[in-house]
Amino acid sequence: MDKQGAAYQHIGRIRRFYIGCRFAVCLLLALSAASLLGAALVTLFSVSLLWVPILFLSAFIGQLLYQKPWIINYEAILNFLNLHYPDLQESGNLLLKKHDELNLLERLQLSKVEESLTNTPVRQKQFLKPLKQAGLVLATSLVVGALLITLVHRKPGTGLLGAVQQASKESKTTEKILPQITGVKLTITPPAYTGKAKRTQDKFAIEAEEGAAISWEISTNTTVKQVSLLLNNKQNIRLKAIDADKQTWKVQATVNQPGFYQVNIDGKLSDLYAIQVMHDLPPVIYIKTPQPYTYIDAGEAQQVNIRAAINDDYGLTGALIFATVAKGSGEAVKFKDYKLDAGISFDGHKPNYDLQKLVKLPALNMEPGDELYFYIQATDTHQQQSRTDVYTVSIQDTAKLLIMDGIVTGTDQKPEFFRSERQIILDSERLLKEKDSISVVQFKNRSNDLATDQKLLRLRYGKFLGEESESDIGGDDNNAVSDINNFGNADVIKDQYTDKHDNAEDAGFFEPGQKAQLKATLTEMWKAELQLRLYKPQDALAFEYKALRLLKDLQQKSRVYVAKTSYNPPPLKLEKRLSGDLSPIKSTSLKQDIKPEADQLESLRKAAEILSQLKAGTSISAQQQQILNPANRQLSIRAAAEPGSYLAAMNALNSILSPNKKIKQSDVILVQRAIQKALHAAAKTPAAGQNSLDMGLSQQYFKNLNRSGQ
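Residues numbered from 1 in each chain as written. Predicted model: local features only at pLDDT ≥ 70, side-chain atom pairs only at ≥ 80, totals over all residues. Heavy atoms only, no water.

Student: Describe the environment of His349, listing the residues and the values that go with them.
Tutor: Its location among the elements puts His349 in the loop between strand S16 (334-341) and strand S17 (352-360). Between the C-alpha atoms of His349 and Gly315, which are 34 residues apart in sequence, the distance is 4.8 Å. Among all residues touching His349, those that are not within four sequence positions of it are Tyr314, Gly315, Leu316, Thr317 and Thr381. (Helix = DSSP H or I, 4+ residues; strand = E, 2+ residues; numbered from the N terminus. Contact = heavy atoms within 4.5 Å.)

Next comes the structure, spelled out in C-alpha cells:
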C-alpha cells in the first residue's frame, strides 16, 4: 500500500500527538525540579535567582535525553493500537508492508481493518495520563517552594546556612596579630626520623611533626620591654632580644603535644594560635599468605610462602620473622625459636615494602606432626615496633593417622569405614613401591581397582547425607511396582519413588557442622578416585590422607553425652522451714555516703542556653558573662587537646565575652557548634535508674493484674 494513504497519514498524526505529549511531560517535570531546587538554593544558600533558568534548562535537557520521545516509530504506534483496539484484529502492522509484498489474504485483511485504523481517535487517553501526573507534580513543587520561601525568609547573604558559611570563612581568613608586630618568621625543623627538610613560614599557626624544633623570630615596629609566649594558658616562654634596639626577639622550643598559644607583648595578649602535632604512627603489617592456620597434608610440599605488606607514614628500618617450632606432644613437647630474615633491604627507609619469604620446613628440622608458629615484627625510623598475630603451620602426621588403636583397646573401637580408608592408603603406597617391578597393564588395573574401592566407600558415606546409591539406578523386576496386580495402584508407586524425609527412623542425627565436614570428605574421595582413574596414585595420596584426617575428626565430634540419672531429694518439712536461730550470726555492714561528682558538662549546657538567647548587635550582660566563663575554661581544655576543632570557637567566645564589642551572629554559631560537638563526644557513664514517684506501685499493680488475668 502507498504510504501516502489516509490510514498511514492518520497513524502519523497519532505519533506526532504522542511526541508532543512526551515533550510537554519533560517540560513540566523540568519546571518542577527547577522551582523546587531554586527555592531551596535561594532560601538555604542565598544564591541568585539567575540560577533558576540554568536549572530549568539542565533539567529539561536531562529529561529529553532520558525519555527520548523522538525515537518512537510507526511500528510502536501500531503495536499500541493493536493492543487497545480489538477491531484491528492485531493486523495493523500490515500497513507498513509494501503492496507488492502482501499476499491475497493479507490484502483482504488490510482492506478490512483500514477503515478501523482511520476511525481511531488521535487524542489517546493513555497519552494524556502522564501529562496529568506531571502537572500534579508541578503544582506540588510550586506550593512547596512557595512555603519554603515564605516560612524561612532571609535577606541576601543571611540565609539559614549563610551565617555558618560566613563564620567558616572568617575562621579561615588571615591571622589577627598585635599592632606592634611587623612580621614573624617560624622555622620548623622536623625530627630526624621523618626524613623531612627544614621549612619556614610567616604565620603563627603551627602544624608540625611530633618532636619538631620550632624557632620563633618576631619583629616589632617599636622598642618593647618584654615578649613572651603563653602556651595553653599555663606555660610562659620568654623570648630574647637579638638586637640592641629590642625590636627582634627569638626563642626555640620543642613541640610534642598539640595545643594553642598567645603572644604577649608588654602585657597585651594576641589571639589564640593553634599548635597541631602530627604523631608518628606505628607500622602496619598485613599478611597476605598463608592463612592464620595452615595444614600441610601428605604429598604436599613442606614449605610455606609468607607474603606481607608493611606500611609506615615516614619510613621503615627493618622487619623480622620470629618463628617457633614445636616438637613432640604432652609433657615431652619441645620448643625451639628462630629469627628469620625478611629477605629485603631496608637501607632506603621507604614507607612501603612488600615482604616475600619462602620458608622450607625441613630446614627448620620439622617432621610430620610438628607445628610452626610465627609472627612478623617491623620497626620504623622512630624505633616504634608492631607485630602481627601468631600464625600456625602444621604438618600432617601420617603415622598417627594410620595407627590401629582400635585393635589394642576395645574402648576406642573404630568403625569399619575408618579402616577401609586406611587400607586404600596402604594399597596405594604399596602400588607405588611395586611400580617398577610390575607391568604397565598390571599397574593400571590395580589403580583402577583402588578407584573402584574408593567409589564404593564414597557411596557408603553418601547414604548418610541422603544421596542415592548408584546401584539403585535402573529397573528391578522383583519389586512391588513390577507386579501386575499393583497396576494403577498409586500408593505402591509413591512408596517406591518418594523420599520419606518425615520418617523419624529415616531422619539424620548429624549437626550442620558434621554434615559440612562429611560433604568435604566426599569431595576429597571424589578427587582421589579421579586421580586413581587417571593412573596417578601418587597424586591421589594427598586427597586420601586428607579424607582420612577429616573422618577421624568427625569420629571425635560424634561422641554422645548421656546425662546421669536425676536425684530426687526428700521432701522438706514446712513446719521447720525458716525457723532457725540466726542470732549468733553477726553480719557486717558498711555505710558510706557516695556523692556524685560534679558534672563537668553542666557549664557547657548552660552556655548553650545563653547563646541561644543572644542576638546580633547587642552586648553581653554581667550575669550572662558569669555563666559563659566556665564554658570558656572547658573549651580551653579541649582546645589544648584538639586545637583544630575548638580554637576558632574559643576565639569567638573571647570576642563575645569582650565588654566593649558587639556580638556577631557568626561568633555565636561557631561557639554553638563547638559546644554541641563537645556534648556529643562525651561518653555516657553508668548510673542507677531513678525510681518513679509512686515508688514502684504501678509496676506491682501491673504484675498482680497479669496474675489475676491468668
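Alright, that's what it looks like, and here's the rest.
Student: Give a detailed account of the pairing of strand S9 (residues 259-265), specifying residues and quantitative values.
Tutor: Taking burial as the measure, the seven residues of S9 include seven buried ones, the bulk of the element. Going residue by residue along S9, you find Gly259, Tyr261, Val263 and Ile265 tucked away on one face and Phe260, Gln262 and Asn264 tucked away on the opposite face as well. In this sheet, S9 lies alongside strand S5 (residues 227-231) in antiparallel orientation, the contact comprising five bridges. Bridge assignment links Leu231 to a residue of S9, and that residue is Tyr261. (Buried < 20%, exposed > 50% of the residue type's maximum accessible area, 1.4 Å probe, protein only. Pairing = 2+ DSSP bridges.)

Student: Give me the sheet that holds S17: which residues, what numbers.
Tutor: Spatially, three strands are ordered S12-S14-S17 in an open sheet, and the strand pairing comes out antiparallel. At either end of the open sheet lies a strand with only one pairing partner, and these are strand S12 (284-289) and S17. Between one strand axis and the next, the sheet turns by 20° as a mean value, whatever way the strands run. When strand S14 (residues 303-311) meets S17, the two strands line up antiparallel, connected through nine bridges. Residue pairing across strands places Ile310 opposite Tyr353, the latter belonging to S17. (Axes fitted to C-alpha atoms, helices over the stretch in contact; angles between N-to-C directions.)

Student: Would you mind going over the pattern of salt bridges in detail, with residue names and values included?
Tutor: Scanning all chains against the criterion turns up nine salt bridges. The closest approach of N and O atoms between Lys196 and Glu209, which form a salt bridge, is 3.3 Å. Taken together, the residues span a long stretch of sequence, with Lys196 in the loop between strand S1 (181-189) and strand S2 (199-201) and Glu209 in strand S3 (residues 206-209) at a distance of 13 residues. When its relative accessible area of 42% is taken as the criterion, Lys196 is described as partly exposed. Overall, the relative accessible area of 1% leaves Glu209 in the buried class. Measuring nitrogen to oxygen at the nearest pair gives 3.2 Å for the salt bridge that ties Glu529 to Arg458. Of this pair, Glu529 sits in helix H12 (residues 512-533) while Arg458 sits in helix H10 (residues 440-462), and the two are 71 residues apart along the sequence. For Glu529, a relative accessible area of 8% translates into the label buried. If you follow the salt bridges from partner to partner, you end up with Lys196, Arg199 and Glu209 in one network. (Salt bridge = Lys/Arg side-chain N within 4 Å of Asp/Glu carboxyl O.)

Student: Can you tell me about H10, naming the residues and giving the values?
Tutor: An ideal rise of 1.5 Å per residue puts 33 Å on 23 residues; H10 measures up with 33 Å between its terminal C-alpha atoms. Buried within H10 we find Phe443, Ser447, Leu450, Ala451, Gln454, Leu457, Arg458, Leu459, Tyr461 and Gly462. (Expected span 1.5 Å × (residues − 1).)

Student: Tell me about unusual backbone geometry, and please be specific about residues and values.
Tutor: The omega torsion across Thr289 and Pro290 is 0°, close enough to zero to call that bond cis. The residue Pro290 is located in the loop between S12 and strand S13 (293-296) in this model. For Lys246, which is not a glycine, the phi torsion comes out positive at approximately 55°. Given a relative accessible area of 39%, Lys246 falls into the partly exposed group.

Student: An account of the nonpolar core is needed here, citing residue identities and associated values.
Tutor: Phe260, Leu611, Leu628, Ile656, Val671 and Ile675 are the most contacted members of the largest nonpolar core, which totals 31 residues. Per-element tally for this core: the top contributor is helix H16 (residues 643-657), with eight residues. In this structure, Ile287, Val304, Leu340 and Leu355 belong to the second largest nonpolar core, which totals 29 residues. (Core = buried A, V, L, I, M, F, W, Y, C linked by side-chain atoms within 4.5 Å.)

Student: Please provide a residue-by-residue account of the packing of aromatic side chains, values included.
Tutor: Applying the stated rule across the entire model yields 13 aromatic pairs. Measuring from centroid to centroid gives 6.1 Å for Phe56 and Phe60, while their planes differ by 15°, and the two rings are stacked. Here Phe60 and Phe56 lie together in helix H2 (residues 51-67), a separation of four residues that amounts to about one turn. Within the aromatic cluster, the residues linked to one another by ring pairs are Phe17, Tyr18, Phe80 and Phe127. (Phe/Tyr/Trp six-rings, centres within 6.5 Å; stacked < 30°, edge-to-face > 60°.)

Student: Quick rundown of the sheet that holds S1? Include the residues and the values.
Tutor: Here we have five strands laid out as an open sheet, ordered S2-S1-S4-S8-S7, and antiparallel in their pairing. Every other strand in the sheet has two partners, leaving S2 and strand S7 (240-241) as the edge strands with one partner each. Taken together, the eight bridges between S1 and strand S4 (residues 212-220) define a ladder with antiparallel strand orientation. If you follow Val184 over to S4, its bridge partner there is Ile218.

Student: Describe helix H15 (residues 622-641), with residues and values.
Tutor: Helix length check: H15 (20 residues) gives 29 Å between terminal C-alpha atoms against 28 Å at 1.5 Å per residue, within 8%. At Leu628, H15 shows its maximal kink, close to 25°; a proline, Pro630, follows between one and four residues later. Among the residues of H15, Gln624, Leu628, Ala631, Asn632, Gln634, Leu635, Ser636, Ala639 and Ala640 are the ones counted as buried. (Bend = angle between axes of the 7 residues up to and from the residue.)

Student: So what's going on with a nonpolar patch on the surface? Residues and values would help.
Tutor: On the surface, Phe23, Leu57, Ile61, Leu65, Trp70 and Ile71 cluster together to form a nonpolar patch covering roughly 610 Å² of accessible area. By secondary structure assignment, the location of Leu65 is in helix H2. For Leu65, a relative accessible area of 54% translates into the label exposed. (Patch = residues over 30% accessible without salt bridge, like charges linked within 9 Å, V, L, I, M, F, W, Y side chains within 5 Å. Areas by Shrake-Rupley, 256 points an atom, 1.4 Å probe, with all protein chains shown as cover.)

Student: Help me get a handle on the side chain of Glu544, residues and values and all.
Tutor: You can see Glu544 is positioned in helix H13 (residues 537-557). Looking at Glu544, its side chain comes within polar contact range of the side chain of Ser428, at 3.2 Å. What Glu544 contacts, discounting residues up to four positions off in sequence, is Glu421, Ile424, Ile425, Ser428, Gln454, Ala528 and Leu532. (Polar contact = N/O pair within 3.5 Å; in protein donor to acceptor, adjacent residues only side chain to side chain.)

Student: Hey, could you go over the packing of helix H14 (residues 602-613) against H15 for me, with residue numbers and the actual values?
Tutor: Running from amino to carboxyl end, H14 crosses H15 at an angle of 125°, the nearest separation of the two axes being 9 Å. As summarised for this structure, H14 and H15 are arranged oblique, according to the angle between their axes. When you trace H14 past H15, the crossing you get is left-handed. Residues Ser603, Leu604, Lys606, Ala607, Ile610, Leu611 and Gln613 of H14 pack against Gln624, Ile627, Leu628, Pro630, Ala631, Gln634 and Arg638 of H15. (Parallel < 35°, antiparallel > 145°, perpendicular 65-115°, else oblique. Left-handed = near helix turned anticlockwise from the far one by under 90°.)

Student: Any details on the packing of H15 against H16? Residues and values, ideally.
Tutor: The interhelical angle for the contact between H15 and H16, taken along N-to-C directions, is 155°, at an axis separation of 8 Å. By the angle class used here, H15 and H16 are roughly antiparallel. When the axes of H15 and H16 are compared, the crossing they make is left-handed. Counted together, Gln625, Leu628, Asn629, Ala631, Asn632, Leu635, Ser636, Arg638, Ala639, Ala640 and Ala641 of H15 and Pro643, Tyr646, Leu647, Met650, Leu653, Asn654, Ile656 and Leu657 of H16 form the full contact between these two elements. Of the residues assigned to the contact of H15 with H16, the class counts are 13 nonpolar, five polar and one charged. (Nonpolar A, V, L, I, M, F, W, Y, C, P; charged D, E, K, R; others polar.)

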